[in-house]
Amino acid sequence: MIINPTKKALPIFNKLVKTKDAGVAKRFAMANPFFSWHANYYLLNRKKFCYWLTI
């Protein structure tokens, strides 16, 4: 699974392991779009709620 955090969500997802070869990851994401996700979060009552989108 490839998770692409938005700039806003980078501090939350900073423990994710980076891919060694970005080109291979990009080709994998284009071939299998179900395994490529974008992550973000929003605040509600001072709590962070994460959500993931596949595009």
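Fair warning: this is a prediction, and the values are worked out from it, not measured in the lab.

Draft legend 1. Main features of the packing of aromatic side chains. A complete count under the given rule lists 2 aromatic pairs for this structure. Look at Y42 and F49: their rings are 5.6 Å apart centre to centre, the planes differ by 20°, and that puts the pair in the stacked class. Judged by its relative accessible area of 39%, Y42 is partly exposed. With 6.0 Å between their ring centres and 45° between their planes, Y42 and Y51 make a pair best called tilted. Ring-pair connections join several aromatic residues into one group, and the members of that group are Y42, F49 and Y51. Directly above the ring of Y41 sits K8, whose terminal nitrogen or CZ lies 4.9 Å from the centroid. Between K48 and the ring centre of Y41, over which it is positioned, the NZ or CZ distance is 5.6 Å.

Draft legend 2. Seen up close, the pairing of strand 3 (residues 47-53). The pairing of strand 2 (residues 36-44) with strand 3 spans 7 bridges and is antiparallel. When the sheet's bridge partners are listed, H38 is paired in strand 3 with L53. Linking two consecutive strands that pair antiparallel, namely strand 2 and strand 3, is a turn of 2 residues; a positive phi of about 55° is found at N45 within it.

Quick notes on the rules
- By convention here, each chain's residues receive numbers from 1 onward along its written sequence.
- Totals for whole chains, interfaces and linings use every residue, but because this is a predicted model, local features are given only for residues with pLDDT of at least 70 and side-chain atom pairs only at 80 or more, for both listing and counting.
- As a rule here, side-chain values come from all non-hydrogen atoms in the structure, and water together with hydrogens is ignored.
- Aromatic pairs are defined between Phe, Tyr and Trp rings, using the six-membered ring for Trp, whenever the two ring centres lie within 6.5 Å; interplanar angles under 30 degrees are classed as stacked, those over 60 as edge-to-face, and all others as tilted.
- Under the scheme applied here, a residue whose accessible area is under 20% of the maximum for its type counts as buried, over 50% as exposed, and between as partly exposed, the area being computed with a 1.4 Å probe on protein chains only.
- Whether a charge lies above a ring is judged from NZ of Lys or CZ of Arg, which has to be within 6 Å of the ring centre and within 35 degrees of the ring normal.
- If DSSP finds at least two bridges between two strands, the strands pair.
- By the criteria applied, helices consist of DSSP H or I runs no shorter than four residues and strands consist of E runs no shorter than two, each listed in order from the N terminus.

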